Amino acid sequence: MSRKTLAIIGTKKGVFILESDSERETWRRRGPYCEHWPINHAIGDPETGVIHAAGGNEWFGPAVWTSPDLGETWTHSSQGLAYPQGETPVKTAWSIAAAHGRLYTGVEPAGLFVSEDRGQTWAPVEGLQRHPSRPEWQPGGIGLVLHSIVTNPDDRHEMWVGISSVGVFHTADGGETWTTRNKGTRCDFLPEGMRYPEFGQCVHCVAMAPGKSHRLYQQNHCGMYRSDDGGASWESIEAGLPSSFGFPVAVHPRDAEKLFFVPLNGAELGRYSPGASAAVWRSDDGGGHWSDKRAGLPQEGAYFGVMRQAMATDAHDPAGVYFGSSNGSLYASRDEGETWACIARDLPAISSVETLVVEA
Amino acid sequence: MVTVRLPALLVQLFPDAERVVRLSADDVDGLMNALDARWPGMRDRLCDTTPAIRRHINVFVEGRRAKLATPLRPGADVFILTAVSGG
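Because the structure is a prediction, the values reported are computed rather than measured.

What counts and how
Residues numbered from 1 in each chain as written. Chains lettered and ligands numbered in written order. Predicted model: local features only at pLDDT ≥ 70, side-chain atom pairs only at ≥ 80, totals over all residues. Helix = DSSP H or I, 4+ residues; strand = E, 2+ residues; numbered from the N terminus. Buried ≥ 20, exposed ≤ 12 C-beta atoms within 10 Å, placed from the backbone. Contact = placed C-beta atoms within 7 Å. Rg over C-alpha atoms; globule rule 2.2 N^0.38 Å. Pairing = 2+ DSSP bridges. Core = buried A, V, L, I, M, F, W, Y, C linked by C-beta atoms within 7 Å. Arc of directions from axis to C-beta. pLDDT = per-residue confidence, 0-100.

### Some details on the overall build of chain B
Okay, so step 1: The helix and strand tally for chain B stands at 3 helices and 7 strands.
Okay, so step 2: Helices and strands in chain B line up, N terminus first, as β-α-β-α-α-β-β-β-β-β.
Okay, so step 3: Here the C-alpha coordinates of chain B stretch approximately 35 × 25 × 25 Å along the principal axes.
Okay, so step 4: Within the span of chain B, comprising 87 residues, buried residues form 29% of the whole.
Okay, so step 5: Residue pairs in contact within chain B that sit at least 24 positions apart in sequence constitute 46% of those at least 6 positions apart.

Put into structure tokens, the structure is as follows:
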């Protein structure tokens, strides 16, 4: 049976969907959806086929949008997506994840909420707010945002989250208690001798390797990392890459050793590809060695960035790889990064890219 | 009863909402609750949990900018507007 491939794009002006078949040669664009709201992250839940989009609007505040029919119709809700009266209100929803029949959304100011009814109502994961470090969390350049949610497909009680300028946290009891998971990740922006604190690291993206729930990869403001113990310790894997700075990391859907980064020239150098020449860097051995993949990507004048949630792989074999740029282009590879094509351009700035493969 | 005019962008978010609605409320806070009772979720779009009217939403009662505590006399005209915002 043929299968439909969707690239689900969160942008500053709504959700767009690029649709193709299993071959992924030609694409049809739909959208914008969600009434042009800024959408920070949109996902397709492979268990339900439902699309969810997390965002927020300067006028109307935060909401999670839901489409049960691959984008044709949408509803929105923020019922329960709130801190207690008197606390700084939730400004926007930043990230979303589906696992074990639940939805999770991360928000600004940083916090985690859970939905047991597919996004109709939300409840706070209060244990994270009770962490002793909470009063010391400081916002980064984009604010105090919880942008990475990594769930364990084999254990409904285990989860990791990443908070900008705060670091990675882990729970093994469904969110009741959390511990910091930042050992070995640097804060180059702190004084010498203080660069490995318990928390305060500027994590940009965390991803789990397929089939190895305690193999994590991380793109940080200060380096690329791998963990083989669920984040208890991290090892730098940036040797061989042109920069230690970037935003997203994506993993192969079946090969735990194969991963993708988009190194940018540096936090203080413009945040675009080194030499304005775009490349995705792939490792086939868990970060031991790297090769740059450039065929089909612009090799001059590429001054765009790629944001923390704007790269994804798909479930096909060979796997597709996708990234969206800050200037509204979506690039796709259908051969695991070897060659690339621009499948959409002139969209609004792209915040997130995810994929969904469903029966046609 | 008071007469409330809602912004088009808000009405788009609630498929059966109307641009002009008549409601009973003693103050703007009560008006927000009445809107929410008719169209669940509408209060969240207009107010945050401070609680306060959202920063980029303007509520005018009898031609004056209002807060949640602003009282409403019977027959009052209420305008809810989206502020200049965005980019």
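### A look at the overall build of chain A
Okay, so step 1: The number of helices and strands found in chain A is 1 helix and 28 strands.
Okay, so step 2: Its C-alpha atoms give chain A a radius of gyration of 19 Å, near enough to 21 Å, the size a compact globule of 360 residues would have.
Okay, so step 3: The 360 residues of chain A split such that 52% are buried.
Okay, so step 4: Look at the contacts in chain A between residues 6 or more apart in sequence, and 51% of them connect residues 24 or more apart.

### Regarding the interface of chain B and chain A
Okay, so step 1: In this assembly, 16 residues from chain B lie in contact with 13 residues from chain A.
Okay, so step 2: When residues of the side of chain B that touches chain A are traced back to their parent elements, those giving at least two are α1 (8-12) and α3 (42-46) of chain B.

### Notes on the pairing of strand β16 (residues 203-209) of chain A
Okay, so step 1: Most of β16(A) is tucked away: 7 of the 7 residues are buried.
Okay, so step 2: Hairpin connection from β16(A) to strand β17 (residues 212-220) of chain A: 2 residues lie between these consecutive antiparallel strands, with Gly211(A) at a positive phi of about 75 degrees.

### Concerning the nonpolar core
Okay, so step 1: By size, the foremost hydrophobic cluster in this structure holds 100 residues, and its most contacted members are Ile8(A), Ile9(A), Val15(A), Met311(A), Tyr322(A), Leu330(A) and Val353(A).
Okay, so step 2: Counting residues per element, this core draws most heavily on β16(A), at 6 residues.
Okay, so step 3: Residues Trp59(A), Val28(B), Ile57(B) and Leu72(B) belong to the second largest nonpolar core, which totals 23 residues.

### Section: helix α2 (residues 28-38) of chain B
All names here are of chain B.
Okay, so step 1: Turning to α2, its buried residues are Val28, Leu31, Met32 and Leu35. Down the axis of α2, the buried set is contained in an arc of 100 degrees. They therefore lie on one face.
Okay, so step 2: Lining the buried residues of α2 we find β1 (2-5), β2 (20-23), α3, β3 (47-48), β5 (57-61) and β7 (77-82).

### A look at the sheet that holds β5(B)
Residue and element names in this part refer to chain B.
Okay, so step 1: Spatially, 5 strands are ordered β2-β1-β7-β5-β6 in an open sheet, and the strand pairing comes out mixed. Each end of this open sheet is capped by a strand with a single partner; those strands are β2 and β6 (64-65).
Okay, so step 2: For β1 and β2, the ladder comprises 4 bridges, and the chain directions are antiparallel. Each bridged residue has a counterpart across the sheet, and for valine 4 the counterpart in β2 is valine 21.

### What to know about the environment of Ala83(B)
Residues and elements named next belong to chain B.
Okay, so step 1: Turning to its location among the elements, alanine 83 is positioned in the segment after β7.
Okay, so step 2: Along the sequence, alanine 83 and valine 59 sit 24 residues apart, while their C-alpha atoms lie 9.8 Å from each other.
Okay, so step 3: If sequence neighbours within four positions are ignored, alanine 83 has contacts with His56, Ile57 and Asn58.

### Some words on the sheet that holds strand β11 (residues 123-124) of chain A
Residues and elements named next belong to chain A.
Okay, so step 1: Strand order in this open sheet of 4 strands is β8-β9-β10-β11, and the pairing throughout is antiparallel. Every interior strand has two partners, whereas the edge strands, β8 (92-99) and β11, have only one.
Okay, so step 2: Relative to β11, strand β10 (residues 111-115) runs antiparallel, the two being bridged by 2 bridges. Along β11, the bridge assignment pairs valine 114 with alanine 123.

### Focus: unusual backbone geometry
All names here are of chain A.
Okay, so step 1: Residue proline 32 is reached from glycine 31 by a cis peptide bond, and omega for that bond is 5 degrees.
Okay, so step 2: Relative to the assigned elements, proline 32 resides in strand β3 (residues 28-33).
Okay, so step 3: The linkage connecting glutamate 108 with the following residue, proline 109, adopts the cis geometry, with an omega of -5 degrees.
Okay, so step 4: Topologically, proline 109 is positioned in the loop between β9 (102-108) and β10.

### A few points about the confidence of the model for chain B
Okay, so step 1: Looking at chain B as a whole, the pLDDT averages 95, with 97% of positions reaching at least 70.
Okay, so step 2: Overall fold confidence (pTM) sits at 0.96, and the ipTM for the predicted complex is 0.93.

### Some details on the environment of Ile39(A)
All names here are of chain A.
Okay, so step 1: Checked against the element boundaries, isoleucine 39 lands in strand β4 (residues 39-44).
Okay, so step 2: The class for isoleucine 39 is buried, based on 33 C-beta atoms found within 10 Å.
Okay, so step 3: With near-sequence residues (within four places) excluded, isoleucine 39 lies in contact with Gly10, Thr11, Gly14, Val15, Cys34, Ala53, Ala54, Gly55 and Ser351.

### Details of the environment of Val78(B)
Okay, so step 1: When you line up the elements, Val78(B) lands in strand β7.
Okay, so step 2: With near-sequence residues (within four places) excluded, Val78(B) lies in contact with Val2(B), Thr3(B), Val4(B), Leu31(B), Val59(B) and Val61(B).

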